[in-house]
Amino acid sequence: MPCLKKFDIDTTKPVLVTGGTGYVAGVLISQLVEKGVTVHATVRDPSKTDRLAYLQEIADNSPGSIKFFKADLTTQGSFEEAMKGCYAVFHTASPFSTDIKDPVKDLVEPAVIGTENVLRQCNKTPSVKRVVVTSSVVATYTDAAETKKEKPTDENIWNRTASISHVPYNYSKTVAEQTAWVIAGSQTQWRLCTINPSMIVGPGVKYHASSESYKIVKSFGSNDPNMALGIPNLGMACVDVRDVAAAHIAAAYLDEAGGRHILSGFNGSLPQMAQALKKYSKKYLIVTKKVPYFFSYLIWLVAPYTGQGIDREFVSKNWGYECYFDNRKSKEALGIEYRPMQDSVQEMYQQMIDLDVVSPKK
């Protein structure tokens, strides 16, 4: 079991999950309805029932239930109907993409405005007592070089180095979480917890083709031309999506839960994660070698021109490093017991095999 703490769940009161069709949201909804909770899930268009059938099927085979509501992060008052009567609000919806044209419009504004709209609606909804925001470990750091093995990054540290021009995704998550804490501090009705996961891996309730996590793990073993030279030697940490969902639930229902919580079950690098798929190499084109060191200078040279939103500073401060995060608070306060990284990556890749997303060698 990923959560070792015991707590009571009042199944008479519904909860809201924003971004209901997301990777994390799907697993969270699954765990909630399995516990008998009624979930109000916000989506872009509830009338497209075919796109929601997989969530409805999970609920139909569980003690709990699900209701879908239309909502838009950038529209004020959009969450009013969905939030009525809810005890807890899980705000999981947030943009995440490396393919961006305008960092402000594509990342920062949706993240901040969405957080403001959801949390200000919490202020107007008397039933809400707990709010859990899915932030990220990138709200504590920008580059792997900032994290230290002798003193891993913990919840007391805020990201002070990201900006619109340098790793804007990290900047967007930082300012969105800071916005949440400002709003939380202005009222006494509800308590805020943030969940700050590292790269999320593991099998979702379905295959999410647009998920950056799925794209990365798929690239380890699908003859991806981007991996032709090998795995980029970048610092990376990760955590299983099922552990992330369990942490959200514990944060909402444990009486003493509060504050920020780093969720990270593995500290290391991207090539170390790729090694987890070595067992599949007889049948699938698994890449486990690192990009040769002498290519790192070339990558540094062309980084600003790749269109991938990276710069030379990013290459310099992440290439050849490992990431180190302190997960003690999540273990002690939320009772999280982490799944091994190897299991998470393998089960995620196996899901893609089972769904014919990746093909064996010809």
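Residues numbered from 1 in each chain as written. Predicted model: local features only at pLDDT ≥ 70, side-chain atom pairs only at ≥ 80, totals over all residues. Heavy atoms only, no water.

Under the annotation held in an unreviewed UniProt entry, the chain carries the name Anthocyanidin reductase ((2S)-flavan-3-ol-forming) and is attributed to Seminavis robusta. Within the UniProt record for the chain, the comment given under Sequence similarities (unreviewed entry) is "Belongs to the NAD(P)-dependent epimerase/dehydratase family. Dihydroflavonol-4-reductase subfamily." (UniProt positions renumbered as here; feature names shortened; annotations may be inferred.)

Notes on the sheet that holds strand β7 (residues 199-201)
Spatially, the three strands line up as an open sheet ordered β7-β8-β10, and their pairing is mixed. This sheet does not close on itself; its edge strands, each paired only once, are β7 and β10 (266-269). Along the sheet, successive strands turn relative to each other by an average axial angle of 40°, direction set aside. By the bridge criterion, four bridges tie strand β8 (residues 235-240) to β10 in an arrangement that is antiparallel. Directly across from G235, in β10, lies its bridge partner S269. Strand contacts of helix α7 (residues 241-253): β7 and β8, with the helix running at about 65° to β8, the strand carrying the most contacts. (Pairing = 2+ DSSP bridges. Helix = DSSP H or I, 4+ residues; strand = E, 2+ residues; numbered from the N terminus. Axes fitted to C-alpha atoms, helices over the stretch in contact; angles between N-to-C directions. Contact = heavy atoms within 4.5 Å.)

Let's talk about the packing of helix α6 (residues 212-220) against helix α12 (residues 341-354)
Running from N to C, α6 and α12 cross one another at 85°; their axes reach a closest spacing of 10 Å. As judged from the angle between their axes, α6 and α12 are roughly perpendicular. Here α6 contributes S213, Y214, V217 and K218 to the contact with α12, which in turn contributes V345, M348, Y349, Q351 and M352. Looking at the contact of α6 with α12 residue by residue, the classes come out as six nonpolar, two polar and one charged. (Parallel < 35°, antiparallel > 145°, perpendicular 65-115°, else oblique. Nonpolar A, V, L, I, M, F, W, Y, C, P; charged D, E, K, R; others polar.)

As for the sheet that holds strand β2 (residues 38-43)
Through backbone hydrogen bonds, the strands of a sheet pair up, either in parallel or in antiparallel fashion. Ordered by their spatial adjacency, seven strands build an open sheet running β3-β2-β1-β4-β5-β6-β9, and the pairing between neighbours is parallel. Edge positions in the open sheet fall to β3 (65-70) and β9 (259-263), since each of these has one partner strand only. Taking the axes of each pair of neighbouring strands and ignoring which way they run, one obtains an average angle of 20° across the sheet. Pairing analysis gives five bridges linking strand β5 (residues 130-134) to strand β6 (residues 191-197), with the strands arranged parallel.

A closer look at empty space enclosed by the protein
A complete count under the given rule lists one cavity of 30 Å³ or more for this structure. Taken as a whole, the largest cavity encloses approximately 90 Å³ of empty space. As for the largest cavity, its lining consists of 13 residues, and the residues nearest its centre are S94, T115, T134, K173 and A176. Among the residues forming the lining of the largest cavity, the class breakdown is six nonpolar, five polar and two charged. (1 Å grid on protein atoms, 1.4 Å probe; cavity = no way out; pocket = protein on both sides within 12 Å on 5 of 7 lines; lining within 4 Å. Points joined across faces, edges and corners; volume = space filled by probe spheres on them.)

Side note on the pairing of β6
Regular strands place side chains that alternate from one sheet face to the opposite one. Counting buried positions along β6 gives six out of seven residues, so the element sits mostly inside the fold. Taken together, β5, helix α5 (residues 168-184) and β6 constitute a β-α-β crossover, and its handedness is right-handed. In the sheet, β6 pairs with β9 via five bridges, with the strands oriented parallel. The residue bridging T194 from the neighbouring strand is R260, located in β9. (Buried < 20%, exposed > 50% of the residue type's maximum accessible area, 1.4 Å probe, protein only. Right-handed = clockwise from strand over helix to strand, strands pointing away.)

Comments concerning the pairing of β3
Both β2 and β3 contribute to a ladder of six bridges, which runs parallel. If you follow H40 over to β3, its bridge partner there is K67. In this view, the connection linking β2 to its parallel neighbour β3 by way of helix α2 (residues 49-60) has right-handed handedness.

Remarks on the packing of aromatic side chains
Inspection of every chain in the model, using the stated rule, returns six aromatic pairs. Between Y141 and F325, the ring centres sit 5.1 Å apart and the planes meet at 65°, which makes this aromatic pair edge-to-face. A residue pair is termed long-range when its members are at least 10 positions apart, and Y141 in the loop between β5 and α5 and F325 in the loop between α10 (312-318) and α11 (328-334) qualify at 184 residues. In this structure, Y141 and F325 share a single accessibility class: buried. Ring centres of Y284 and Y349 lie 5.9 Å apart, and the angle between their planes is 85°; on these two criteria the pair is classed as edge-to-face. Taken together, the residues Y284 in the loop between α8 (270-274) and α9 (295-302) and Y349 in helix α12 connect sequence positions 65 residues apart. Residue Y284 is classed as buried on the basis of its relative accessible area of 7%. Taking the relative accessible area as the measure of exposure, Y349 reaches 0% and is therefore buried. One Lys or Arg, R260, reaches over the ring of W158 and ends 3.6 Å from the middle of that ring. The ring of Y280 has K279 sitting right over it, with the charged end atom 5.4 Å from the ring centre. (Phe/Tyr/Trp six-rings, centres within 6.5 Å; stacked < 30°, edge-to-face > 60°. Lys NZ or Arg CZ within 6 Å of the ring centre and 35° of its normal.)

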